Amino acid sequence: MMNERIQKLAKQAGLTSLTTKGLEDIVDGCYIVSPNKLELFSELMHDECIDAVPNDLDPATYFKVLQAIKNHFGF
């Protein structure tokens, strides 16, 4: 089952969920994703990762972690 936070981001990005009524044992949810919506979803995931970084780290470590996340997502 997909994490609720990821489901919320998918909805926020406008991803369309397919109905799997009767196929729940085979498919655990499917989404139709256009390139633009996939990019928006990745930006939202990036922002979530940035927000999850504890701000009580020493400044040098905090900057390194933020930079690593930005580099990882290509921002």
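Reading guide: rules and limits
Residues numbered from 1 in each chain as written. Predicted model: local features only at pLDDT ≥ 70, side-chain atom pairs only at ≥ 80, totals over all residues. Heavy atoms only, no water. Helix = DSSP H or I, 4+ residues; strand = E, 2+ residues; numbered from the N terminus. Buried < 20%, exposed > 50% of the residue type's maximum accessible area, 1.4 Å probe, protein only. Areas by Shrake-Rupley, 256 points an atom, 1.4 Å probe, with all protein chains shown as cover. Expected span 1.5 Å × (residues − 1). Axes fitted to C-alpha atoms, helices over the stretch in contact; angles between N-to-C directions. Parallel < 35°, antiparallel > 145°, perpendicular 65-115°, else oblique. Left-handed = near helix turned anticlockwise from the far one by under 90°. Contact = heavy atoms within 4.5 Å. Nonpolar A, V, L, I, M, F, W, Y, C, P; charged D, E, K, R; others polar.

Enquirer: What exactly am I supposed to notice about the overall build of the protein here?
Expert: What the protein contains, in helices and strands, is three helices and two strands. Secondary structure elements of the protein occur, N-terminal to C-terminal, as α-β-β-α-α. Looking at the protein as a whole, 16% of its 75 residues are labelled buried. Summed over its atoms, the accessible surface of the protein is roughly 5,900 Å², and 56% of this surface lies on carbon and sulfur atoms.

Enquirer: Please explain helix H3 (residues 59–73) as it appears in this structure.
Expert: Because each turn of an α-helix spans 3.6 residues, side chains separated by three or four positions end up pointing in the same direction. Compared with the 21 Å implied by 1.5 Å per residue over 15 residues, the 21 Å span of H3 between its first and last C-alpha is a close match. Once H3 ends, the next one or two residues include Gly 74, with phi positive near 75 degrees.

Enquirer: Explain the packing of helix H1 (residues 4–12) against helix H2 (residues 35–52) here, please?
Expert: To describe two helices that pack against each other, one gives the angle between their axes and the distance between the axes. It is at 9 Å that the axes of H1 and H2 come closest, and there the two elements cross at 135 degrees. Looking at the two axes, H1 sits oblique to H2. Handedness of the H1/H2 crossing: right-handed. Facing Arg 5, Ile 6, Leu 9, Ala 10 and Gln 12 of H1, the residues of H2 in contact are Leu 40, Phe 41, Leu 44, Met 45 and Glu 48. Taken together, the residues of the contact of H1 with H2 sort by class into seven nonpolar, one polar and two charged.

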